[in-house]
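Listed below, chain by chain, are the residues.
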Amino acid sequence: MVKAIHTEKAPAAIGPYSQAIEAGDFIYVSGQIPINPETGEVVEGIVQQTKQVLENLQAILTEAGADFTQVVKFTIYLDSMGDFATVNDIYGSYLSEPYPARATVEVSRLPKDVLVEMDVIVYKK
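What counts and how
Residues numbered from 1 in each chain as written. Predicted model: local features only at pLDDT ≥ 70, side-chain atom pairs only at ≥ 80, totals over all residues. Heavy atoms only, no water. UniProt positions renumbered as here; feature names shortened; annotations may be inferred. Helix = DSSP H or I, 4+ residues; strand = E, 2+ residues; numbered from the N terminus. Expected span 1.5 Å × (residues − 1). Buried < 20%, exposed > 50% of the residue type's maximum accessible area, 1.4 Å probe, protein only. Contact = heavy atoms within 4.5 Å. Pairing = 2+ DSSP bridges. Axes fitted to C-alpha atoms, helices over the stretch in contact; angles between N-to-C directions.

- As annotated in an unreviewed UniProt entry, the protein carries the name RidA family protein and is attributed to Virgibacillus xinjiangensis.
- On record in UniProt, under Sequence similarities (unreviewed entry), the comment for the protein is "Belongs to the RutC family."

Looking at helix α1 (residues 46–63)
Right, so step 1: Taking 1.5 Å of rise per residue, the 18 residues of α1 would be expected to cover 26 Å, and the 26 Å separating its terminal C-alpha atoms lies within 8% of that figure.
Right, so step 2: Where α1 is concerned, the buried positions are Ile46, Gln49, Thr50, Gln52, Val53, Leu54, Asn56, Leu57, Ala59, Ile60 and Leu61.
Right, so step 3: Residues of α1 that are buried in the fold lie against β1 (2–5), β2 (20–23), β3 (26–32), β4 (71–78), α2 (84–93) and β6 (116–123).
Right, so step 4: Among the residues trailing α1, Gly65 stands out with phi positive, at a value near 75 degrees.

Side note on the sheet that holds β2
Right, so step 1: Strand order in this open sheet of six strands is β1-β2-β3-β6-β4-β5, and the pairing throughout is mixed. Strands with a single pairing partner mark the edges of an open sheet, and in this sheet they are β1 and β5 (101–106). Averaged over all adjacent pairs, the angle separating strand axes in this sheet is 15 degrees, with direction ignored.
Right, so step 2: Across seven bridges, β4 lies against β6 in antiparallel orientation. From the neighbouring strand, Leu78 faces β6, where its bridge partner is Val116.
Right, so step 3: This element, α1, spans β1, β2, β3, β4 and β6 of the sheet and lies at about 25 degrees to β6.
Right, so step 4: With respect to the sheet, α2 is in contact with β4, β5 and β6, its orientation differing from that of β4 by roughly 150 degrees.

A closer look at the environment of Glu41
Right, so step 1: Counting through the fold element by element, Glu41 comes out in the loop between β3 and α1.
Right, so step 2: In this structure, the C-alpha to C-alpha distance between Glu41 and Val72, residues 31 residues apart in sequence, is 29 Å.
Right, so step 3: Those residues in contact with Glu41 that sit more than four places away from it in its chain are Pro34, Ile35 and Asn36.

Here's the deal with unusual backbone geometry
Right, so step 1: Across the junction of Glu97 and Pro98, the peptide omega takes the value 0 degrees, indicating a cis bond.
Right, so step 2: Tracing the backbone shows Pro98 in the loop between α2 and β5.
Right, so step 3: Backbone geometry at Lys112 places phi at a positive 60 degrees, although glycine is not the residue there.
Right, so step 4: Mapping Lys112 onto the fold places it in the loop between β5 and β6.
Right, so step 5: Of note in the backbone geometry, Asp113 takes a positive phi value of approximately 55 degrees without being a glycine.
Right, so step 6: Note that Asp113 resides in the loop between β5 and β6.

Encoded structure:
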């Protein structure tokens, strides 16, 4: 069984996709960018953008009845690896051990020219 997850506390999808999909014991959360869901605007700077992305992910996970302790995989997309240490510090402050698996990659461009995007996979059991 597949179920779409949606919350007004995270930015609406800007294309034909769901904020997240629950499939069996897994939740696949679409890439989140640093849009403030209250204003619809991209927040500025790598620190604020990283925090906003994690808050958006957290809102979707809450709607799905999950939290960061159940995340088994993060993928982080950066506009510049020069921001890696900053993003890593903020990311780490939202998590606890055992930490999820993770991939971090630098990409040539992200939607709305943001500096960071993240997606997660959750195991609910």
